[in-house]
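# Structure assessment
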Amino acid sequence: MNQQFFAVSELSKRFGGLEAVRAVSFGVQPHEIVGLIGPNGAGKTTVVKLIMGLLRPNGGRVVFRGMDITGVPTWQRVVQGITGTFQNSRPMRQLPLIANVMVGLYNPRVSRQGEWVKTVQARALDALEFVGLSDLALSPAGELSQGDLKRLEIARAIATNPDLLVLDEPFAGLSQAETRLLATSVHRLRKGGRFGRLHSEGCAMIIVEHKLSELMRIADRILVMHFGELLADGPPQQVVNDPRVVEVYTGQTAGQPVQEEPE
Ligand SMILES: Nc1ncnc2c1ncn2[C@@H]1O[C@H](COP(=O)(O)OP(=O)(O)O)[C@@H](O)[C@H]1O
Ligand SMILES: [Mg+2]
């Protein structure tokens, strides 16, 4: 096998007495789309934050292109090619969408050269176009619907041209039609190509999502978390038929008849 593109090994995070993430290990291949599912409180967002460098693990490692990046700060991970979106988006509400995307691309080295504004503005606009928000580029972010905010988050992330994109519930608050549209765009991102002036080599993705049908459609692999642990890791069809996964989602042991009332 080639050098590991991305992996977490034995990753653990405690909040006081709570073990939110317990010895979680998995790898991601270049251009692979990995779905991360599990009940509320399973530890999915904590894993996302550990990958983005927003939290420090109590144990374990994060490895990107063969390098240990466990202690690397978030901004440096973005430069290296890892970025993501938050479960709860917090845009600068009074600023227009385009400014919200541009700040994510701020780089003091480039900005000194004067070309920064022009280049970054164009790039931000292309990212907005990719998610279908270019018509609203000059509107304040505070006027956006929940669904559009989700798309703004994705625009901010893809404008940095990531190699690994981590999305925490990107479809939450979107209608079924919006979800399908965004899922198709996201799927397109994997392969890459030219999106206006954005040249994307394509990227791998880790997508946390509750809308399983859309996720099953676009994911190559599904990870299931439960009480901080990784319960299953495999192709979508295999995972949804895994008795342990069925049990977590239905609260019922697969293959067992529904308990009858005693006589
Ligand atoms: N900053 C925090 N401080 C204390 N507990 C936290 C914190 N963040 C998450 N938790 C707890 O860790 C567990 C996992 O949370 P989270 O990763 O958000 O789960 P998920 O995204 O799967 O719903 C939950 O029990 C949650 O309450
Ligand atoms: Mg979460």
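This text gives an overview of the structure that appears in the document. (Residues numbered from 1 in each chain as written. Chains lettered and ligands numbered in written order. Predicted model: local features only at pLDDT ≥ 70, side-chain atom pairs only at ≥ 80, totals over all residues. Heavy atoms only, no water.)

### Details of the site of ligand 1
Around ligand 1, the structure places F15, L18, A20, P39, N40, G41, A42, G43, K44, T45 and T46. Residue A42 places a main-chain N or O atom 3.2 Å away from an oxygen atom belonging to ligand 1. Between K44 and ligand 1, the recorded distance is 2.8 Å, taken from a side-chain N or O atom to an oxygen atom. Relative to its free-state accessible area of 560 Å², ligand 1 is covered by the protein chains to the extent of 59%. (Near = heavy atom within 4 Å. Polar contact = N/O pair within 3.5 Å; in protein donor to acceptor, adjacent residues only side chain to side chain. Areas by Shrake-Rupley, 256 points an atom, 1.4 Å probe, with all protein chains shown as cover.)

### Quick word on empty space enclosed by the protein
Scanning all chains against the criterion turns up two cavities of 30 Å³ or more. Along its surface, the largest cavity is lined by R123, I158, N161, P162, L189, F195, L198, H199, S200 and C203. If you tally residues by element for the lining of the largest cavity, the top one is strand β9 (residues 198–200), at three residues. Residues of the lining of the largest cavity, tallied by class, amount to six nonpolar, three polar and one charged. Size it by volume and the second largest cavity reaches roughly 40 Å³. In this structure, the second largest cavity is lined by T85, F86, S89, K150, E153, I154, D168, E169 and P170. Among the elements that line the lining of the second largest cavity, the one with the most residues is helix α6 (residues 146–158), at three residues. The class makeup of the residues in the lining of the second largest cavity is three nonpolar, two polar and four charged. (1 Å grid on protein atoms, 1.4 Å probe; cavity = no way out; pocket = protein on both sides within 12 Å on 5 of 7 lines; lining within 4 Å. Points joined across faces, edges and corners; volume = space filled by probe spheres on them. Helix = DSSP H or I, 4+ residues; strand = E, 2+ residues; numbered from the N terminus. Nonpolar A, V, L, I, M, F, W, Y, C, P; charged D, E, K, R; others polar.)

### Here's the deal with the nonpolar core
As a rule of thumb, nonpolar side chains are buried together in soluble globular proteins. Judged by nonpolar contacts, the single largest core of 47 residues is most densely connected at L128 and M205. Excluding residues within four positions of it along the chain, L128 makes contact with L97, I98, V101, L133, S134, A137, L152 and A155. In this structure, V21, M52, V166 and M225 belong to the second largest nonpolar core, which totals 28 residues. (Core = buried A, V, L, I, M, F, W, Y, C linked by side-chain atoms within 4.5 Å. Buried < 20%, exposed > 50% of the residue type's maximum accessible area, 1.4 Å probe, protein only. Contact = heavy atoms within 4.5 Å.)

### Overview of the pattern of salt bridges
Under the criterion given, the structure shown has eleven salt bridges. Here D220 makes a salt bridge to R190, at a shortest N to O gap of 3.0 Å. With D220 in the loop between α8 (212–218) and β11 (221–226) and R190 in helix α7 (residues 176–191), this pair connects stretches of sequence that are 30 residues apart. Residue D220 is classed as partly exposed on the basis of its relative accessible area, which comes to 33%. With a closest N to O distance of 2.9 Å, E214 and R217 form a salt bridge. In this pair, E214 and R217 both sit in helix α8, three residues apart, roughly one turn of the helix. By relative accessible area, E214 is classed as buried at 8%. Exposure remark for R217: the relative accessible area of 37% places this residue in the partly exposed category. Sharing partners across several salt bridges, the network here consists of E19, R22 and E229. (Salt bridge = Lys/Arg side-chain N within 4 Å of Asp/Glu carboxyl O.)

The values are spatial; any link to function lies outside them.
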